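Chains, contacts and geometry: an overview
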Amino acid sequence: MRAVLLAAAIGAYASSPAAAQQLASEALFDPDLTVGAGATISATIGTLVAHAEDRAIPDRLFDEPDAPRRTANVTYRFLKQIFFDAPQEELLLVFNHEVFGHGGRLRERFHGPIGYHIEVPAPYGGGAGSTSFVLDREPTPYELLAISAGGMESTSVVASIVAERALVDGRMHPRDALRYLIFEFDTQGYIASTDAEGEEPGHDVGDFLRTYNELAASAGAPGLTPRQLRRESLAGLANPVGAYALFGIARYWWNGATDIGVPTLSIGGVRYLPLVRYRLTPYGTEWSLVNALGGRVRPMDIELRIGRSPLETPWGIGVRQRGVARWGGWIVDAAADMWRQPPIAGTDPRRVEFDLRTGTRVRARVSHPVKWSSTYGASLIVEVGAKSAGYVPGEPLRGGVVARAGIGLPVP
Amino acid sequence: MAQPVVAVVNTNPDVVEVLKARIESAGFVVLVIHIAEIRAGLDVRAIFAQHDPKVIVYDVVPPYERNWRLLQHLRETTLVGRQFVLTSPNERALAKLVGRDETVYEILNDGAEIDAIVQAVREAARARPTS
């Protein structure tokens, strides 16, 4: 009887949409190495490095029969995360922020030379990064905003990849939790570091505010202050995944537990977890409510976006679902978005308009497993989408076809 | 006698084309410079020394403060004393920065306001350089 129940339980689990969907760590490439493609590469680098470290570096130095040894282990884990793990994640963040964030928007829009300066992370170096560039034409204000916000946009996209994986798996590793916190709250940290005068040129948030306020002034609209941004960005703290990550890291320091649960609400067998993101965008600012669903339904999220541009209130809705169809080993994921935004994708700085336009995006991603030995395998991924001109995090601003290809690595 | 040179500093090829044609037909030689070239490090001093334009038709585009700052920098460094005719796609937006001492000619991408600009170029070309 026990065997029958066990078999039934395994069968039910294996046939459930959530269990059927084992998320690989995906690295996608496109011709411009855009923000979205770059974020997948950074997320995969982070996952692979953490995985390799887990195999090589222990989580405890001693067995723990007594308090001194336990204290030594707690101290070891704390120091390991602060002085070994966190600098690696900071380096990855700065690399991603500069090369795939600012660099992604620059490559996508312009043809001039781009240079990067990335310092050794703290506490071993300054930890700063910068992107220098020469543009082959004069940018529009919306393009300047996209470049300034591109770094924070890219880190937010990496965070969303980490969060999606955690939600689908129902758990995360302390190292993923650390990466999540550092990447997810990059925008809040950057905004918090902006003083009342808006900082010197080269500070992303300061540059963003200057450009936005100039744009708003030319439209006769009110501008934004650093204080206003700081207050509004607190909405991004309404994020249970961030709370789980924080708790999981503290617990890991305390007892070495490497499995951080990601509990969700459960409604009729459907797992549900909402979280809020605050973004700087090419037209202004934006609040996003991401509703992640799983369990009885295939992993999906429904995102509601509402923003602020100089004269209007842009909005958008997006739906992304994993495994919408399967045939012959192929798995199809799909996404669709619709929005109303100012026309941000123009290239003529003399023609800056503020009224809202409707835009849409549809995207299909197909993946197929390949095995190159009895032990090792991966999946090939091809992603094709079509979109109108407009802002979707990670996607090119222009309208047209967006094609990406890459691999998915099964990382446990 | 050589025809006087007018420099057109702009961002938009359509506007440049219209301005160039109309200013040339008024008897000037037109030197075209794109603002992105200046930001990219074009040796403006050398080019202006070579061509010695009598008037610079300079277009200030959004974001206005950023581009106004560039123009101010040029006026205080490499283009000291030159005669300018300022254009913009939004005269009212730029007027807040420029003040009342200077006229801004609004020029849209269809070039509808060209006559006034050509007239301003003629008058500026007759004016003596300021220092």
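Coordinates for the structure precede this section.
Description of the structure in this document. (Residues numbered from 1 in each chain as written. Chains lettered and ligands numbered in written order. Predicted model: local features only at pLDDT ≥ 70, side-chain atom pairs only at ≥ 80, totals over all residues.)

1. Considering the overall build of chain A
- The helix and strand inventory of chain A stands at 10 helices and 14 strands.
- For chain A, whose C-alpha radius of gyration is 22 Å, the value lies close to the compact-globule estimate of 22 Å for 412 residues.
- Expressed along its principal axes, the backbone C-alpha trace of chain A runs to roughly 75 × 55 × 40 Å.
- Here chain A holds 412 residues, and the buried ones make up 46% of them.
- The long-range fraction of contacts in chain A, counting pairs at least 24 apart against all pairs at least 6 apart in sequence, stands at 64%. (Helix = DSSP H or I, 4+ residues; strand = E, 2+ residues; numbered from the N terminus. Rg over C-alpha atoms; globule rule 2.2 N^0.38 Å. Buried ≥ 20, exposed ≤ 12 C-beta atoms within 10 Å, placed from the backbone. Contact = placed C-beta atoms within 7 Å.)

2. Re the pairing of strand E3 (residues 55–59) of chain B
Residues and elements named next belong to chain B.
- Most of E3 is tucked away: five of the five residues are buried.
- Burial along E3 is two-sided: the residues Val55, Val57 and Asp59 and Ile56 and Tyr58 are all buried.
- Sheet analysis places strand E1 (residues 5–10) next to E3, joined by four bridges and oriented parallel. Bridging across to E3, Val6 finds its partner in Val55. (Pairing = 2+ DSSP bridges.)

3. Some thoughts on the pairing of strand E9 (residues 300–308) of chain A
Residue and element names in this part refer to chain A.
- Note: strand E8 (residues 284–295) against E9, nine bridges, orientation antiparallel. Bridge pairing in E9 places Thr285 opposite Arg308.
- Taking the residues that link successive antiparallel strands as the turn, the E8-E9 hairpin has four residues.
- Counted between consecutive antiparallel strands, the loop separating E9 from strand E10 (residues 315–327) contains six residues.

4. With respect to unusual backbone geometry
- Going from Ala122 of chain A to Pro123 of chain A, the amide bond is cis rather than trans, its omega being 5°.
- Along the polypeptide, Pro123 of chain A turns up in the loop between strand E2 (114–118) and strand E3 (129–133).
- Residue Pro63 of chain B is reached from Pro62 of chain B by a cis peptide bond, and omega for that bond is -5°.
- Positive phi, normally seen in glycine, also occurs at Leu33 of chain A, with a value near 45°.
- According to the C-beta neighbour criterion, Leu33 of chain A is partly exposed, with 18 such atoms within 10 Å.

5. Details of the interface of chain A and chain B
- Chain A puts 16 residues into the contact, and the matching count from chain B is 17 residues.
- Taken together, the elements giving at least two residues each to the side of chain A that touches chain B come down to helix H5 (141–169) and helix H8 (204–219) of chain A.
- Among the residues forming the side of chain A that touches chain B, the class breakdown is seven nonpolar, two polar and seven charged. (Nonpolar A, V, L, I, M, F, W, Y, C, P; charged D, E, K, R; others polar.)

6. Points about helix H1 (residues 13–25) of chain B
All names here are of chain B.
- With 13 residues, H1 should cover 18 Å at 1.5 Å per step; its first-to-last C-alpha distance of 18 Å lies within 8% of that length.
- Within H1 the residues assigned to the buried category are Val15, Val16, Leu19 and Ile23. Take H1 and look down its axis: the buried residues cluster within an arc of 95°, on one side only.
- Following H1 by one or two positions, Gly27 adopts a phi angle in the positive range, close to 100°. (Expected span 1.5 Å × (residues − 1). Arc of directions from axis to C-beta.)

7. Side note on H8 of chain A
All names here are of chain A.
- The terminal C-alpha atoms of H8 lie 23 Å apart, and with 16 residues this matches the ideal 22 Å at 1.5 Å per residue to within 8%.
- Summarising burial for H8: 13 of the 16 residues are buried, a large majority.
- Positive backbone phi, at 75°, marks Gly220, one or two positions downstream of H8.

8. A look at the packing of helix H4 (residues 64–76) of chain B against helix H5 (residues 91–98) of chain B
All names here are of chain B.
- Contact geometry of H4 with H5 gives a least axis separation of 10 Å together with a crossing angle of 50°. Taken together, the axes of H4 and H5 lie oblique to each other. In the packing of H4 onto H5, the handedness of the crossing is right-handed. Across from Tyr64, Glu65 and Trp68 in H4, the residues of H5 making contact are Ala93, Leu94 and Leu97. (Axes fitted to C-alpha atoms, helices over the stretch in contact; angles between N-to-C directions. Parallel < 35°, antiparallel > 145°, perpendicular 65-115°, else oblique. Left-handed = near helix turned anticlockwise from the far one by under 90°.)

9. Quick notes on the sheet that holds strand E5 (residues 104–106) of chain B
Residues and elements named next belong to chain B.
- What the five strands build is an open sheet, ordered E2-E1-E3-E4-E5; its pairing is parallel. Strands at the two margins of the open sheet, each flanked by one partner only, are strand E2 (29–34) and E5. Across the sheet, the mean angle separating the axes of adjacent strands is 25° when strand polarity is ignored.
- Note that E1 and E2 share six bridges and pair parallel. Within E2, the position partnered with Ala7 by the bridge is Leu31.

10. Brief notes about the sheet that holds strand E7 (residues 270–281) of chain A
Residues and elements named next belong to chain A.
- Here we have 10 strands laid out as an open sheet, ordered E1-E14-E13-E12-E11-E10-E9-E8-E7-E6, and antiparallel in their pairing. The sheet terminates laterally at strand E1 (25–29) and strand E6 (265–267), the two strands that pair on one side only. Between one strand axis and the next, the sheet turns through 20° on average, direction left out of account.
- Pairing of strand E12 (residues 357–371) with strand E13 (residues 377–387) involves 11 bridges; the strand directions are antiparallel. Directly across from Pro369, in E13, lies its bridge partner Ser379.
- Docked against the sheet, H5 engages E7 and E8, running at close to 175° with respect to E7.

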